[in-house]
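So the chains spell out like this:
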Amino acid sequence: MSSSDPKTLPKPGPWPPAPDAPPVPPSSWAKRTGFRPKFSGETNASDSGQIQLPPRAIENENHRDLEAGRARPALPVANGEQPVSEKGPAVKDQSQTVKKRREADGANKGGSGAANGHTSTNGAAETGSVPQPQPQPQHPGRRPSRNEEVVDVLPQNVDDEGFVGRHSHMKYELRDTPGLVPIGLYGFQHYLSMLGSLILIPLVIVPAMGGSYEDTANVVSTVLFVSGVTTLLHSFFGSRLPLIQGPSFVYLAPALAIINSPEFQGLNGNNFKHIMKELQGAIIIASAFQTILGYSGLMSLFLRLINPVVVAPTIAAVGLSFYGYGFPLVGTCLEIGVMEILLVIIFSLYLRKISVLGHRIFLIYAVPLGLGITWAAAFLLTETGAYSYKGCDINVPASNIISEHCRKHVSRMKHCRVDTSHALKSSPWFRFPYPLQWGTPVFHWKMALVMCVASVIASVDSVGSYHASSLLVASRPPTPGVVSRGIGLEGLSSVLAGLWGTGTGSTTLTENVHTIAVTKMGSRRAVELGACALIVLSLVGKVGGFIASIPEVMVAALLCFMWAMLAALGLSNLRYSEAGSSRNIIIVGLSLFFSLSIPAYFQQYGITPNSNTSVPSYFQPFVVASHGPFRSKYGGVNYVMNTLLSLHMVIAFIVAVILDNTVPGSRQERGSYIWSESEAARREPAVVKDYELPFRVGRIFRWVKWVGL
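This text gives an overview of the structure that appears in the document.

Conventions we followed
- Numbering of residues starts from 1 in every chain and runs along the sequence as written.
- With pLDDT at 70 or above as the cut-off, local features in this predicted model cover only qualifying residues; side-chain atom pairs require 80 or more to be listed or tallied, and sums for whole chains, interfaces and linings still use all residues.
- Each side-chain value is derived from all of the structure's non-hydrogen atoms; neither hydrogens nor water enter the calculation.
- Counting from the N terminus, the helices are DSSP H or I runs at least four residues long and the strands are E runs at least two residues long.
- We call a residue buried when its accessible area falls under 20% of the maximum for its residue type, exposed when it is over 50%, and partly exposed in between, using a 1.4 Å probe and counting protein chains only.
- Contact criterion: two residues are considered in contact whenever any of their non-hydrogen atoms come within 4.5 Å of each other.
- By convention in these notes, a salt bridge is any Lys or Arg side-chain nitrogen within 4 Å of a carboxyl oxygen on Asp or Glu.
- Centre distance within 6.5 Å is the pairing criterion for rings of Phe, Tyr and Trp, where only the six-membered ring of Trp is used; planes under 30 degrees apart are then read as stacked, over 60 as edge-to-face, and the remainder as tilted.
- Geometrically, a charge over a ring is one whose NZ (Lys) or CZ (Arg) sits within 6 Å of the ring centre while staying within 35 degrees of the ring normal.
- Think of a 1 Å grid over just the protein atoms. A cavity is a set of points where a 1.4 Å probe fits yet cannot get out, a pocket is an open set with protein on both sides within 12 Å along at least five of seven lines, and lining residues have an atom within 4 Å of a point.
- Grid points are joined across faces, edges and corners, and a volume is the space filled by probe spheres set on the points.
- Any residue that is not Ala, Val, Leu, Ile, Met, Phe, Trp, Tyr, Cys, Pro, Asp, Glu, Lys or Arg is counted as polar, Gly included; the first ten are nonpolar and the last four charged.

A separate point is the environment of Met 209. Relative to the helices and strands, Met 209 resides in the loop between helix H4 (195-208) and helix H5 (213-237). A relative accessible area of 1% means that Met 209 is categorised as buried. Along the sequence, Met 209 and Leu 256 sit 47 residues apart, while their C-alpha atoms lie 8.9 Å from each other. Other than its neighbours up to four places away in sequence, Met 209 contacts Ile 259, Asn 271, Phe 272, Ile 275, Met 276 and Leu 279.

One pass over the full model with this rule turns up seven salt bridges. Residues Asp 660 and Arg 670 are paired through a salt bridge, measuring 3.2 Å at the closest nitrogen-oxygen approach. In this pair, Asp 660 is assigned in helix H24 (residues 648-662) and Arg 670 in helix H25 (residues 667-670), connecting sequence segments 10 residues apart. Linking Glu 679 and Arg 682 is a salt bridge whose minimum nitrogen-to-oxygen distance equals 2.6 Å. Taken together, the residues span about one helical turn, with Glu 679 and Arg 682 both in helix H26 (residues 678-682) at a distance of three residues.

On to the packing of aromatic side chains. Evaluated as defined, the whole model comprises 20 aromatic pairs. These aromatic residues form a ring-pair network of at least three members: Phe 249, Phe 322, Tyr 325, Trp 563, Phe 619 and Phe 622. For the cation-ring pair, Lys 446 lies above Tyr 639, with the distance from its terminal atom to the ring centre recorded as 4.7 Å. The aromatic ring of Trp 429 is capped on one face by Lys 542, whose charged end is 5.5 Å from the ring centroid.

For the structure on display, the rule yields eight cavities of 30 Å³ or more. Its volume calculated, the second largest cavity comes out at about 120 Å³. Lining the second largest cavity are 13 residues, with Thr 510, Val 513, Leu 569, Ser 572 and Asn 573 sitting closest to its centre. Elements that contribute at least two residues to the lining of the second largest cavity include exactly helix H9 (308-320) and helix H16 (445-473). Broken down by element, the residue count for the lining of the second largest cavity peaks at four residues, all from H16. Partitioning the lining of the second largest cavity into residue classes produces six nonpolar, five polar and two charged.

See the structure below:
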C-alpha cells in the first residue's frame, strides 16, 4: 500500500510542538517507584562495571519482548533517542493469549521471567494490565509526545557472570527436573564449587579453641551433616530457592571474639569442649531470636529498612574484616601459600572462558583445583626432603627443641610439611554426628546478645541472596511473607546447628548467587540431591579426616580468595541502585571507612606492646573485650559493647541503615528491593508453584497471613 494512504499516516503531534524536556515517567509501577529511564544507572551499566553508551538502533534489529519472552521488531528511532511505545500492550489473538497463560504457569521457559507483566532488573513486575488498541506506527522523525512512555529495553545478553539476564542463560530453572543423572551431576558440581564456604570455618575455629586434629575432623563431619539437613529443610519449607545452607562467615568474627574471651584464657584441660558448649548456648539463643523475627512477621517490617545501599557495605565489611588473618598466615610458608593464591586467580580470571564439554571447569572449580594442585606440589616437596632438616624432628614440641639450627626451621617444618596432621589416620570409617555430642550447652546472656546481633546481620545477608537468586531462577521475586518464612526457618536451622555443635549458626551462604550465575544451574532438585549426598558423606569419618588434614597455610590462602569474593559479592548489590549517585557513594564510603576505623580504635585501645602474648597476632583484634574503652561497673555491659563495636560488619550496618533511611532519595536512586505483592502472587500459577509449601502444608498455615504467599 502506498505510503500516502491516509490509513497509514501517523497522527499529528501536538501543536505548537512542546519544548524539549526530560521524559515523563510512565504511569505504571515506575511512577509509583520514581523510575526514570533516561537517568537509570542500571540501564547503561554493564556487568563489568564499565559505563557504556546506549547502542545505536539498527534497522530491522530484533529486540526482546519482555512481556511475551520472544523477539519483536525494533521500533524506529531518530537521532539516537530511545525506542517509543504506547502506554498499553498490543492486543494479542486468542492463541497468543493461551500461550501467555502457559508461560505464566512455567511451561514456556523463554517467557517465564516476565510472565503477566513487564519486569525490571530489580524484580518489579506490572500485573493486571488492560489490553489497549493496537498502536499506530510512529513516524521515524517524530519525538515521543508527553503522554507516551520512553522505554529502555534492558539488556538480555549476559557476560560470564550472568548477573543481568534472566532465564535465557540458565540451563535449568527453579522447577526443572531433567532427570536423575543430569541433576546428580549438576548438584555435585554446585556443592563442589562451594567447597571452600562449607569446610573452611571449622578449620579456623577448632584450632583456635585448642582442639586436636580429631576434633577438627569431627566438627567438619558435623558441619557437612547439618548443612545437608538444613538445605533440605530450606528447600522444602523455607524460601524454596536453590540456596545452600551452611556455616556463614557472618558468624566467624563473633565466634572468634567469644573464643578469645578473657575467662577462657587460663583454662586447663580440654578447652575445646568447654568453649564449644559456650558457643552452642549463644547460638541456640540467637537462633531462637531469629526464628521469632521471621515467623512473627517482624521481618516483613524490617525489610523496609533493608536496601542494596545497606546490604552492600555490610556484607563487604564481613569479608574485609579478616584482612589481618589471611596473608599473615600465608607468610608462614610463602612458596606454598602464594602459589595457591596465584593458581586460584589464574583459574577464576585468566582461564574462566575455557569450556570443556560445555562447562567452564576452571571458573567453576577454581578453588578445588587450586587446592588440589598446591597440595600435590607440597606433598612432593615434603617427600623429597625439601622441609627435612638434619637432626630436627617435627614431632618434638617447640619448647623442648634445644638446637638453634632446629629452632630456626621449626616454623617451616610445621607449616610447609603436609604430613604433620594425623587426622586421616585416626578418623573412623563410620561416625554418626549426634546432638549434644560435646556436652550440655552453657548459656551466658552477654555472649548470646553478641550472637543475636550476628543473627540480624545474617538475616540482612540472606535478604540480598533471596532477591538476587530469585531474579536468576524464579518467575518473580518472593513476597515479604516468603522472605519472613525463609528467615524463620534459617533460625530453626541455626538451632539445629547449635544442638549438634558446629561452632557457628547456619544461614544462606552468600556465595550461592555467584555459583548459580556461573554454573547456570537453578534447579532446587539438584540442590536437594546434593544435600542428600552431603549427608551420606558426613557419615564417612574419613571424609572429615581428609578435610581436617588440609595444611593451615593452604586454608589461609583459600580464605584470602573467599573473603575477597565475599567483599565483592557484597558490593555487587549496588547494581540495583544508582551506583553513580553522590548520595549512595557517600553512604557506602562512610560505611566502609568507619567499619574499618571505629573497630580499629576499640581493638587498639589500652594495648601495650607485650600484652596478650599467649594469643597469636592474627587473633589480637578479637580480644578487645579485655581492654576496650567501655569500662563501667557492669562487666557484662562492658563485654557486649566492646565486642559489638569492634566488629566491622556491625559498624557498617549501623552507619548504612541510619544514613540510607534518613537521607532523602527516590526509590530508584536507593535501589529499593521490590518484592512481589501477596495478592498478585497468589493469582499467578507460576509464582504459586515457585514458593508454595509442598505436601499441602501451606493449607494448614493459611491463617498465618504474614508468612508465606
